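Breakdown of the fold
Letter by letter, the chains look like this.
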Amino acid sequence: FRVVNTSSFTFETDLPPASRNIHPSGILHAFRTTVSPSTIKNSIGMVTTSQNPDAIGSGDNDDDDENESIKNALKLNTSTTTSISTTTTTEEHTFAWIQNTLHIEPVLSLFSAHGFQDSNTVFIPYSTKANWRTKYPHAEPAMECLDDGKCVVIMNWRPYP
């Protein structure tokens, strides 16, 4: 195996070039990228003074109560908590089978309502839904837009649509 910084899928039509612009059915593929902040908290023990608190007051000083107060104050400052703020980027993809591109608008509206922008949405003409599912089982359509324009969710395991 190879170690790489990125990896990607390429989805291709199964139609001949002459049919691609006139074929009415295919897959609508949309993706969105979300960025969410996260905070990592970590307790780190560290002595905030160069003097050992137990070395204060060797018995030569008559002010033992003051020495005890200094020892306790130094002991209280022997640990600290740090927080590291980071961001997490998540890329999400969804797919819809479009039976007829004349009725694509309801799906685009639904995708938009769930944060998928039109600029991140593409249509891939494809011969049949069965052929798509056979070629790309990892890109299962989450919904289907039928000939009459009705949209049906066929997989409900995604947070959308």
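Further up the page is the structure itself.
Okay, so let's go over this structure. (Residues numbered from 1 in each chain as written. Predicted model: local features only at pLDDT ≥ 70, side-chain atom pairs only at ≥ 80, totals over all residues. Heavy atoms only, no water.)

1. Some words on the packing of aromatic side chains
Within this structure, the stated rule accounts for nine aromatic pairs. On the numbers, 6.3 Å between centres and 45° between planes, the contact of Phe95 with Trp132 is tilted. Remark: Trp132 occurs in helix α3 (residues 129-135) and Phe95 occurs in strand β2 (residues 79-98); sequence separation between them is 37 residues. Owing to a relative accessible area of 4%, Phe95 belongs among the buried residues under this scheme. Note on Trp132: relative accessible area 0%, which makes it buried. Geometrically, the ring pair formed by Tyr126 and Trp132 is edge-to-face, given 5.1 Å between the ring centres and 90° between the ring planes. With a relative accessible area of 3%, Tyr126 lands in the buried category. (Phe/Tyr/Trp six-rings, centres within 6.5 Å; stacked < 30°, edge-to-face > 60°. Helix = DSSP H or I, 4+ residues; strand = E, 2+ residues; numbered from the N terminus. Buried < 20%, exposed > 50% of the residue type's maximum accessible area, 1.4 Å probe, protein only.)

2. A few points about the nonpolar core
Membership of the largest hydrophobic core is limited to 11 residues, which are Leu28, Ala30, Ala96, Ile98, Ile104, Val107, Leu108, Phe111, Phe116, Met143 and Cys145. Those elements that place two or more of their residues in this core are β1 (26-45), β2, α2 (105-113) and β4 (143-145). Element by element, the count of residues in this core is highest for α2, at three residues. Excluding its chain neighbours within four sequence positions, the residues that come into contact with Phe111 are Leu28, Ala30, Thr94, Phe95, Ala96, Phe116 and Met143. (Core = buried A, V, L, I, M, F, W, Y, C linked by side-chain atoms within 4.5 Å. Contact = heavy atoms within 4.5 Å.)

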